[in-house]
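# Descriptive analysis of the structure
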Amino acid sequence: MEKILFLAHTEADGSLSRACLEALSAAKTLAEGLGAGFDAALFGADVAAAANAVAGCGAGTFFCVSGQAFAQARYATDAAAITALCQAAGAAIVVCADDSRLSRAVPGAAHRLDGRVDAHVTALAAKDGAAFVQRWHYRQRMYAEVTRTQRPWFVTVSGGVFPAYDGAPGQATVQAVAVAEVATRTTVKAILAPAADEQTIRPDAALLFVAGAGWTKKQADGQPHTPEAAELILGFTTKAQASLGSSKSLVDMSGEGQTVLPFLTHLHQVGQTGATPRHPKGLATCCHGEEPHVVGWRFIGERRAVNLDANCGWAQGKCDVLYVADAFAVMRLVNAMIG
Amino acid sequence: MSTGFHIVVCGGIVPDPLQTLEPVSTPAGPGLKNEMMLPAILDPWASHALFEAAHLAKGAPGSKVWLVSLGPKAKLQQVMMSVAQKAPFELVVCDGPAGGFTESAEVAGALAAAIEAIPGLDKTKLLLFGGWQSASRGTGTTMQMVGERLGVTEQFQGVDRLTVGADGSLEIMERVEGGAYQVSVCQGPPAVLGWATGELPEPPNNPQVGMQNMRLIMPALQKARPAKVGADGVTFAAVELPKQRRETRIVKDTPAEDIAREIVAWIGG
């Protein structure tokens, strides 16, 4: 019987993130499919509250590493904690979120344990008594269904694939795991997050608004209208509380020092060398391009687009509705209607 | 304090993103149709790492940049014709498969062995650069494993900025969730930095740099050590293209007011 371990870290407030709660659902699903139980492993400054919050999840044992050294996301301490937890649990398959903290440290722990990693997994299931994962290759251009013999097998699960665990809290009995003192030369200084009113990347938003390079091109009057484009885009994302994404060409233009849409950075980029976010809905405006560029909204549920070309490869066969219209005119009205 | 760094950039090659890719089965496992015929480029995130390395080395006298690449020699030679014109570096070649279905642990083993064999490499000055993910396998796991094999446990991923302090310390900005950055300070090398896009634009071609690089690239290709890299222990049950094609409803010759109203209703629905 495979020993399955759910692995997570606590947040600054001692809770578990949504991504970690989704990974807990993934671990439960796999354990049920394999007819096995599972354990949980938590690390952070103080994990008691987090363990209690998921006490009813069905985990057999809660292995925990606590201490100030593990409060912040740092490779050396995180990799040591993960290694110790997995050794204590004797885990064969370790399921966790693919957030930045775990993505940084899990591969190092896997190496120390002579294990392997399948990262950014988008499906996880048991078939004929074996675990299978699905993950994408070549930047979401194709997907593979994989199983493997090496253990421990670390599986990091992409956000939005599984529902977040939502069970009743309780009183968890935790088993503390000791970690030998870790020598590190790194100090975490700060988290730099945009102010709430300047925040345009909202992973939990219901809608992704994708701005394409067409916003900065010459319009019907022969002139570009970049300031108005900025006002319309930011106006919409603020009013609709949408997350903002951008095509590569538009991001590159601002990265090359042009005063195009200064609020766009590489963090907004979706597609081949950007993000492939998950949102229930997506609205693409002024986006053009063929299949390789369209991976940016591979994981968007309902998709609509506004652009001037009815045959555009970004939209045809890729979105549900294509409005062939001037995005300036449409978004001006949309902004007015949503107040 | 010496500010010179020994910067090793790990960078593979990937098919040009504009190419149509189709998976096929081969005796060695999954691959791409006409894989050897597809035009290739240096992996985009590894390219950013190389540009950042060259920029850092330029500002830190005594520094040197190596580019360690795993791929078929013939393809690497093609790609280096253009990459060599971008930044000064010394190439180290591992002759092996560059596809996206190989195992990152095996790739890390080959890269680490090649790095260990670099003559004159001072590990106390080592900054190990690479992309935070490849555009082929896309796991974001290789750099950490290379670092572990080399005994480097100060590691950073999703790096967009590196600032060297007057005392030789490294201030690093890593991407974290929700468009935020984590800022850390590392006392100095050795360290692993998996770069995201960084902050530098692609440098223009410099034929002089290209000629200088090519003097060393051709011998490096001739000296390439074979790297046996695969996906031992992995079973690919299926490799497929996404088949979903949506029935797109085209709305044209419709007043903007009607379209806006429909979009607002859809957003709120």
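Residues numbered from 1 in each chain as written. Chains lettered and ligands numbered in written order. Predicted model: local features only at pLDDT ≥ 70, side-chain atom pairs only at ≥ 80, totals over all residues.

## Things to note about the packing of helix 8 (residues 327-337) of chain A against helix 6 (residues 256-268) of chain B
Packing of helix 8 of chain A against helix 6 of chain B brings their axes to within 8 Å, and their N-to-C directions diverge by 50°. Compared by their axis directions, helix 8 of chain A and helix 6 of chain B come out oblique. The handedness of the crossing between helix 8 of chain A and helix 6 of chain B comes out as right-handed. Contact residues: A:Ala329, A:Val330, A:Leu333, A:Val334 and A:Met337 in helix 8 of chain A; B:Ala256, B:Glu257, B:Ile259, B:Ala260, B:Arg261, B:Ile263 and B:Val264 in helix 6 of chain B. (Axes fitted to C-alpha atoms, helices over the stretch in contact; angles between N-to-C directions. Helix = DSSP H or I, 4+ residues; strand = E, 2+ residues; numbered from the N terminus. Parallel < 35°, antiparallel > 145°, perpendicular 65-115°, else oblique. Left-handed = near helix turned anticlockwise from the far one by under 90°. Contact = placed C-beta atoms within 7 Å.)

## Describing the sheet that holds strand 15 (residues 249-251) of chain B
The parallel open sheet is built from six strands, whose spatial order is 12(A)-11(A)-13(A)-14(A)-15(A)-15(B). Looking at the sheet topology across the chains shown, the edges are occupied by strand 12 (243-246) of chain A together with strand 15 of chain B. Taken over all neighbouring pairs, the strand axes of this sheet differ in orientation by 20° on average, direction set aside. As defined by bridge partners, strand 15 (residues 321-324) of chain A adjoins strand 15 of chain B across three bridges and the pair is classed as parallel. Considered in strand 15 of chain B, the bridge of A:Tyr323 is made with B:Val251. Here helix 6 of chain B sits on the sheet and contacts strand 11 (207-211), strand 13 (279-285), strand 14 (300-307) and strand 15 of chain A together with strand 15 of chain B; the angle it forms with strand 14 of chain A, its principal contact strand, is near 165°. (Pairing = 2+ DSSP bridges.)

## Quick word on the environment of A:Ala110
Residue and element names in this part refer to chain A. Position of Ala110 relative to the elements: it lies in helix 4 (residues 100-112). For Ala110, a count of 28 C-beta atoms within 10 Å corresponds to the buried category. Residues Ala110 and Ala79 lie 31 residues apart in sequence; the distance between their C-alpha atoms is 8.8 Å. Excluding residues within four positions of it along the chain, Ala110 makes contact with Gly115, Arg116, Val117 and Phe154. (Buried ≥ 20, exposed ≤ 12 C-beta atoms within 10 Å, placed from the backbone.)

## A few points about the domain arrangement of chain A
All names here are of chain A. Assigned domains within chain A: domain 1 (4-176) and domain 2 (196-337). A separation of 34 Å is found between the C-alpha centroids of domain 1 and domain 2. In this assembly, five residues from domain 1 lie in contact with six residues from domain 2. Looking at the side of domain 1 that touches domain 2 residue by residue, the class counts come to no nonpolar, three polar and two charged. (Domains from an automatic or database assignment. Nonpolar A, V, L, I, M, F, W, Y, C, P; charged D, E, K, R; others polar.)

## Quick notes on the packing of helix 5 (residues 226-240) of chain A against helix 8 of chain A
All names here are of chain A. The contact between helix 5 and helix 8 brings their axes to 10 Å, and the two run at 40°. With respect to helix 8, the axis of helix 5 lies oblique. In this structure, the crossing between helix 5 and helix 8 has a hand that is left-handed. Together, Glu228, Leu232, Gly235, Phe236 and Lys239 of helix 5 and Phe328, Met331, Arg332, Val334 and Asn335 of helix 8 make up the contact between the two elements. In terms of residue class, the contact of helix 5 with helix 8 is made up of five nonpolar, two polar and three charged.

## Considering the interface of chain A and chain B
If you look at the interface, chain A gives 74 residues, while chain B gives 68 residues. Listing elements by their share of the side of chain A that touches chain B, those giving two or more residues are helix 3 (75-89), helix 4, strand 5 (116-127), strand 6 (130-137), strand 7 (142-148), strand 10 (186-192), strand 15 and helix 8 of chain A. Residue composition of the side of chain A that touches chain B, grouped by class: 40 nonpolar, 19 polar and 15 charged. When strand 10 of chain A meets strand 11 (residues 181-186) of chain B, the two strands line up antiparallel, connected through six bridges. Considered in strand 11 of chain B, the bridge of A:Thr186 is made with B:Cys186.

## Remarks on the sheet that holds strand 6 (residues 64-71) of chain B
Ordered in space as 10(A)-11(B)-10(B)-9(B)-12(B)-8(B)-1(B)-6(B)-7(B)-13(B), the ten strands form an open sheet in which the pairing is mixed. The outermost strands of the open sheet, each flanked by one partner alone, are strand 10 of chain A together with strand 13 (225-226) of chain B. Of the pairings in the sheet, the one linking strand 1 (residues 6-10) of chain B to strand 6 of chain B comprises five bridges and is parallel in character. Looking across to strand 6 of chain B, one finds that B:Ile7 is bridged to B:Val65.

## Examining unusual backbone geometry
Here A:Arg151 and A:Pro152 are connected by a cis peptide whose omega angle stands at -5°. Among the secondary structure elements, A:Pro152 is positioned in the loop between strand 7 and strand 8 (153-157). At the junction of B:Pro189 and B:Pro190, the peptide bond is cis and its omega measures out at 5° in the coordinates. Among the structural elements, B:Pro190 can be located in the loop between strand 11 and strand 12 (191-195). Here A:Asp128, not a glycine, exhibits a phi torsion of approximately 50°, which is positive. Note on placement: A:Asp128 falls in the loop between strand 5 and strand 6.

## Digging into the pairing of strand 6 of chain A
Residue and element names in this part refer to chain A. Extensive coverage of strand 6 is indicated by the burial of six of its eight residues. As paired elements, strand 5 and strand 6 share six bridges and run antiparallel to each other. Looking across to strand 6, one finds that Val121 is bridged to Arg135. The turn joining strand 5 and strand 6, which pair antiparallel and follow one another in sequence, is formed by two residues; a positive phi near 50° is taken by Asp128.

## Considering the environment of A:Gly115
Residues and elements named next belong to chain A. Along the chain, Gly115 turns up in the loop between helix 4 and strand 5. By C-beta crowding, Gly115 is classed as buried, having 22 other C-beta atoms within 10 Å. Taking the C-alpha atoms as reference points, Gly115 and Leu16, 99 residues apart in sequence, are found 25 Å from one another. Setting aside anything within four residues of it in sequence, one finds Gly115 in contact with Ala110, Gln150, Arg151, Pro152, Trp153 and Phe154.

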